[in-house]
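Residues per chain, in single letters:
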Amino acid sequence: MSLFPAYSAAVTDSSDASVPAKPDDLHWLTNQSFIAFPIDQPAPASGADRSCSAESSSQQQQQPATATRKRKQKKKRKKHKTHHSGSEDEADKKKGVAQKPVRVSEEEFYTDLEGLRIYLTVDTLHKPACPRYKLGPYRFNSQSPNRKNGRKLRYFKYLKPFNSLDVRRKAISLEKESELEKAARDDNSVAKWIEYFHYKVDNPVHMDSYQNHKAELSIVEKAMRQHPDNNELLTLWLDQIVKVFPTDEVLEMIERLISKDNTNVLLWDALIANKQGAMAQCIAPNVLRLYEKSIRSLFLAKRSDEVMLKFFKKCSLFCRQSGLWEKFFGLVQLTVSLNMSTEFANKKQLFASPEHYTQLIEYEELILKSGLPMNEIWLRIEKLRGAFHFLPFEGAKMCGDPQRMILQEDIVGFVYPLINREYTFDLAILILKLMKYPFESNAFERCSFFKPEAYEADHSEQLLPLFLEINRNTKYDITVLSLIKELNTPPSYINTNLAFESYLDLMRELIVALSVHFTDEKHAILLLLYLKLERILIVFDKISDSLSESRKKSCRSRVKNLLKKSNNPNNLRFYIEYGLIEYEMEGWAESCIKIFNISAQVFFQNDASSEDDLFALILSVTDILIKEKRKEQAVYLLTTLALNPSKIRFDETFETPSDPVKLLALQKFNERAARLLMEEDQIECIPLEYYFTANPLINAIKAYLYCLALVKSTTETIKKLEGFLFQFNNTADQRHLFVREHLYEIYLKILTFRIEEFTNNSLLQAVDRVLHEFPENMTAIRFCAFLDTISWFQIRTTLGKYLTVRSVLLLTVTGRTRSSYDINDPDGEQLPRQTYKRRLLNLLKHSVRRESTLRQNALLWRLYLRELFDQPSSVNPAATTNGQDNVLEQCRKTLYMALEACPWNKALYLDGAFFAPQELSHLLDLLMEKQLRIHAIPEELEILRNE
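We now turn to the structure provided with this report. (Residues numbered from 1 in each chain as written. Predicted model: local features only at pLDDT ≥ 70, side-chain atom pairs only at ≥ 80, totals over all residues. Heavy atoms only, no water.)

### Things to note about the overall build of the protein chain
Okay, step 1: Each helix and strand in the protein chain was counted, giving 39 helices and 0 strands.
Okay, step 2: For the protein chain, the proportion of contacts with a sequence separation of at least 24, taken over those separated by at least 6, is 69%.
Okay, step 3: Accessible area of the protein chain: about 50000 Å², with a carbon and sulfur share of 52%. (Helix = DSSP H or I, 4+ residues; strand = E, 2+ residues; numbered from the N terminus. Contact = heavy atoms within 4.5 Å. Areas by Shrake-Rupley, 256 points an atom, 1.4 Å probe, with all protein chains shown as cover.)

Below is the structure:
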């Protein structure tokens, strides 16, 4: 027997098939799957009777005389329809069609056999179910204009008038698009295709971004069919496929291209970036194997030192950010010994550590006995062990922690020798950069392999160069210091964490060992970096009120010992830094003046000294004198430098120069600058050390403009500066960019000590001009962020055009400083602090949005977590609706968004253990899944605590 009655075996022959079945012929209901049960019901009425009854009932319900004409017409149509359906039912009855409804067992299934009238209507809200007013924007005069048909236009979109202008614009856009595509196909040039692509990006057609990205990708693919070997198109294609396809498909597409051409740097770079940046794909050993494979392939194919240094930087950066500090220093040690000298640092165990530290064991016992919750115990011990155990263990015995043991076989595939030994100085600067050295200027990062990645600036030490500026606004020093300490992660040379001395000693010894390998200019540059680091640490201790006499004495002894070890102890630039260190410790006192006087005497006694060094000395002292409000003495030093340098003295007694003497000094400076301009034009390319030395042209222009600003008007000074900028207007030339950036910095310094002569708009225009060309310039960012006469929104608008990591950090410093000053004001209330808190939250949320270039920066995510956690309950009242989204819940959501953007950064997991403690077990699972560096696990700490 068939399951369905229509296909049962008991079927009549074909002659009986045309005869309709009788209503009583229900033998098919005896099927096992369709058993009917008897129900004693009266026979249903015929179709005509039903229609008549429905007609009478509808007439009774629609008796009110207030019915409109429309409703009467509708009722007539219903009557006509029901009468027609009734006549059809009578006709069907005459034909013998079965109309009797049959009820079957509802235990198996339910068959709807009745057409209920309730199914023909839908309960809706009454119309109009909307307010009869429209909320307009807030107006100060409280007189909002009358809006015609505002309610209708707001709630009923179809009542909006037809706008022919929009249609015309769309038609023009499509016509322009077709013209660009036709021109790109006919011209057969890459520039036309790129122009067509950018037009498509700027003029999207679809509301869905996915469809727009697909259209943009199709344009790039069309262009690549005509130009398959173009790197610019390949870069666009690699950027677009990430927006269209999932990560696994993207990796497969790139791997297919690499199998055809394994020498393409862009393909390897994109493959590593997508593998490292995907939560599902980022597992530390797999990413490191990919680095090893790419470095080997590119070394055998390219033999390019710049490519090798670039991938060495990316691999070392990954090891550092994922917590694999032992492997990082193993790579550094192998690279230095392979490319510099096997007897590096006199064969000292510079990159090795003992197995046990007594101080570490004592601190661990204190933490375990503290009675803190387990998440806090794990976090503190993890940071403590990370601060001590950052160097690989080298010994004859086995180490208790096997991850501290780094063998040559583990790292030999990542390091290859340099073909050109001239790149060893580049390697030295790169190693210091990876070790978080605070460089005063980041102009050298415009070089090929120094170009920073989006996720590279993840440490708070990048704010330390702010302390090298003599004329800084000291009101913000405390906030900068607290922000650096707050975001600092071990290991570090800052005294925020324990065991910072070992990392600081390593940094000092490494700089000295690197300087020994070089001679002349490169040797002096590295020693100057050592002295600048000492000056930064002195200012750091001075602001934090921890600068003791013993600290000053040890600093002086280190500087003197360094000068003795130098190949050229009479180098005037060493004495300049020594004098600046003394100024930070004692101020403009006798000891500082004595060092500057000795440095001038050393210059005149040494025949090999360059006049450019004397200019650097006078300009440094001039900055100090301007800060100390001694402008007359600054003018005296500048005029003496121009006319009679041998009589330079820095004592308190001096003769004020006359006006003719000042004009003659200006003429001398102008002639020197013009002569050096002619010599500068003969320089074709600039090496890396050019970025770290005192440029003679820059010093000559700076001395001339300083003297002009102090003697004459600011308008004439700016006019002269514009003339110098005009002579270096080739933005494609690195030498021109270097000079232009320094000229802009001189411009901002002149604005600083003559700021009362400028309006706020002119200051903001100057900053906007600098940031338009150099968005990473710290001088311009600091100048704008720390201006007290400008409102927050003006600063936010100016810096927001060229948003970088440093600008976001300094905006945070500004917001925190201003909120604290508002609270201390006697008339201030709690509102200003809440206002700045909300502004900072909006700034950070905008910085890490999905389409932002800063989304992969872990430092901004960590700062965002802190601002969310520290917000008062009244900052975001909408976020606590029904108690569902409190501060911890916001932190949890933000944490997982941050981990999705930066799944390899260990610092995010450590912050998550504090700001989202309820997620500690999940974070530990993620750390083990990604195989990042873990020094301790809660189970181990539980056993140690019980013991």
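Moving on, there is more to tell.
### What about the packing of helix 36 (residues 887-901) against helix 37 (residues 906-915)?
Okay, step 1: Here helix 36 crosses helix 37 at 170°, and the two axes come no closer than 10 Å. The orientation of helix 36 relative to helix 37 falls into the category roughly antiparallel. Side by side, helix 36 and helix 37 meet where Leu-888, Cys-891, Leu-895, Ala-898 and Leu-899 of the first sit next to Leu-908, Tyr-909, Gly-912 and Phe-915 of the second.
Okay, step 2: Across the contact of helix 36 with helix 37, the residue classes break down as 8 nonpolar, 1 polar and no charged. (Axes fitted to C-alpha atoms, helices over the stretch in contact; angles between N-to-C directions. Parallel < 35°, antiparallel > 145°, perpendicular 65-115°, else oblique. Nonpolar A, V, L, I, M, F, W, Y, C, P; charged D, E, K, R; others polar.)

### Points about the side chain of Arg-573
Okay, step 1: Turning to its location among the elements, Arg-573 is positioned in helix 22 (residues 572-586).
Okay, step 2: Residue Arg-573 is classed as buried on the basis of its relative accessible area, which comes to 12%.
Okay, step 3: In contact with Arg-573, not counting residues within four places along its chain, are Glu-521, Ala-524, Leu-528, Asp-613, Thr-693 and Ala-694. (Buried < 20%, exposed > 50% of the residue type's maximum accessible area, 1.4 Å probe, protein only.)

### Some words on empty space enclosed by the protein
Okay, step 1: Counted under the stated rule, the structure contains 4 cavities of 30 Å³ or more.
Okay, step 2: There is about 1200 Å³ of room inside the largest cavity.
Okay, step 3: Together, 41 residues line the largest cavity, and Glu-440, Lys-532, Lys-702, His-742 and Lys-749 are the ones closest to its centre.
Okay, step 4: If you list the elements that add at least two residues to the lining of the largest cavity, you get helix 20 (520-543), helix 22, helix 24 (611-627), helix 27 (696-711), helix 29 (734-753) and helix 31 (778-785).
Okay, step 5: Top element by residues in the lining of the largest cavity is helix 29. It accounts for 6 residues.
Okay, step 6: Taken as a whole, the second largest cavity spans an internal volume of roughly 280 Å³.
Okay, step 7: Lining the second largest cavity are 20 residues, and of these Arg-320, Trp-325, Thr-489, Pro-490 and Ala-907 lie nearest its centre. (1 Å grid on protein atoms, 1.4 Å probe; cavity = no way out; pocket = protein on both sides within 12 Å on 5 of 7 lines; lining within 4 Å. Points joined across faces, edges and corners; volume = space filled by probe spheres on them.)

### Let's talk about the pattern of salt bridges
Okay, step 1: What the rule picks out here adds up to 57 salt bridges.
Okay, step 2: Of the charged contacts in the structure, one is a salt bridge between Lys-314 and Asp-269, with a shortest N-O distance of 3.1 Å. A residue pair is termed long-range when its members are at least 10 positions apart, and Lys-314 in helix 12 (residues 305-321) and Asp-269 in helix 10 (residues 265-277) qualify at 45 residues.
Okay, step 3: Among the ionic pairs, Asp-651 bridges to Arg-649, the shortest N-O distance being 3.5 Å.
Okay, step 4: What makes Asp-651 partly exposed here is its relative accessible area of 28%.
Okay, step 5: In the salt-bridge network here, residues are joined through shared partners; they are Glu-486, Arg-816, Lys-837, Arg-862, Arg-866, Glu-867, Asp-870 and Asp-911. (Salt bridge = Lys/Arg side-chain N within 4 Å of Asp/Glu carboxyl O.)

### Things to note about the layout of surface pockets
Okay, step 1: By volume, the largest pocket amounts to about 1900 Å³.
Okay, step 2: Lining the largest pocket are 37 residues, with Asp-239, Val-242, Ala-273, Asn-274 and Gln-856 positioned closest to its centre.
Okay, step 3: For the lining of the largest pocket, the secondary structure elements donating two or more residues are helix 8 (231-244), helix 9 (247-260), helix 10, helix 12 and helix 36.

### As for the nonpolar core
Okay, step 1: Phe-329, Ile-429, Leu-432 and Phe-650 are the most contacted members of the largest nonpolar core, which totals 278 residues.
Okay, step 2: Among the elements that make up this core, the one with the highest residue count is helix 20 (15 residues).
Okay, step 3: Those residues within four positions of Phe-650 in sequence are excluded, and the remaining contacts are Trp-588, Ile-593, Phe-596, Asn-597, Ala-600, Leu-617, Ile-618, Val-621, Gln-633 and Leu-637. (Core = buried A, V, L, I, M, F, W, Y, C linked by side-chain atoms within 4.5 Å.)

### Digging into the environment of Phe-724
Okay, step 1: As for its position among the elements, Phe-724 is in helix 28 (residues 714-727).
Okay, step 2: Counting along the chain gives 50 residues from Phe-724 to Ala-674, while the straight-line C-alpha distance between them is 9.9 Å.
Okay, step 3: Among all residues touching Phe-724, those that are not within four sequence positions of it are Ala-673, Leu-677, Ile-701, Tyr-704, Leu-705 and Leu-743.

### Re helix 37
Okay, step 1: Burial of helix 37 is extensive: 9 of the 10 residues sit out of reach of the surface.
Okay, step 2: Residues of helix 37 that are buried include every one of Lys-906, Ala-907, Leu-908, Tyr-909, Leu-910, Asp-911, Gly-912, Ala-913 and Phe-915, and no others.
Okay, step 3: Of the surrounding elements, those touching the buried residues of helix 37 are helix 12, helix 15 (374-388), helix 35 (858-869), helix 36 and helix 38 (920-930).
Okay, step 4: Here helix 37 starts with a cap whose side-chain oxygen sits 3.1 Å from the backbone nitrogen of Ala-907, and that cap is Asn-905. (Polar contact = N/O pair within 3.5 Å; in protein donor to acceptor, adjacent residues only side chain to side chain.)

### What about the packing of aromatic side chains?
Okay, step 1: Under the defined criterion, the tally for this structure stands at 37 aromatic pairs.
Okay, step 2: Both rings, one in Phe-449 and one in Phe-450, keep their centres 4.4 Å apart while their planes meet at 35°; by these two values the pair is tilted. For the pair formed by Phe-449 and Phe-450, the shared burial category is buried.
Okay, step 3: An aromatic cluster of three or more residues is present, and its members are Trp-325, Phe-328, Phe-329, Phe-351, Phe-390, Tyr-493 and Tyr-503. (Phe/Tyr/Trp six-rings, centres within 6.5 Å; stacked < 30°, edge-to-face > 60°.)

### A look at unusual backbone geometry
Okay, step 1: For the bond from Pro-490 to Pro-491, the omega torsion is -5°, close enough to zero to count as cis.
Okay, step 2: Within the fold, Pro-491 resides in the loop between helix 18 (477-487) and helix 19 (500-517).
Okay, step 3: The backbone phi angle of Lys-629 is positive, close to 60°, even though this residue is not glycine.
Okay, step 4: Take Lys-629: it is sitting in the loop between helix 24 and helix 25 (631-643).
Okay, step 5: The exposure class assigned to Lys-629 is exposed, which follows from its relative accessible area of 71%.

### Quick look at helix 32 (residues 792-800)
Okay, step 1: Looking only at helix 32, the buried set comprises Trp-792, Ile-795, Thr-798 and Leu-799. Buried positions in helix 32, seen along its axis, are confined to an arc of 140° and lie on one side of it. (Arc of directions from axis to C-beta.)

### Remarks on the environment of Thr-814
Okay, step 1: Inspection of the secondary structure puts Thr-814 in helix 33 (residues 805-824).
Okay, step 2: As a C-alpha pair, Thr-814 and Arg-782 span 32 residues in sequence and 9.8 Å in three-dimensional space.
Okay, step 3: In this structure Thr-814 touches Tyr-476, Ala-785, Phe-786, Trp-792 and Ile-795, once residues within four positions along its chain are discounted.

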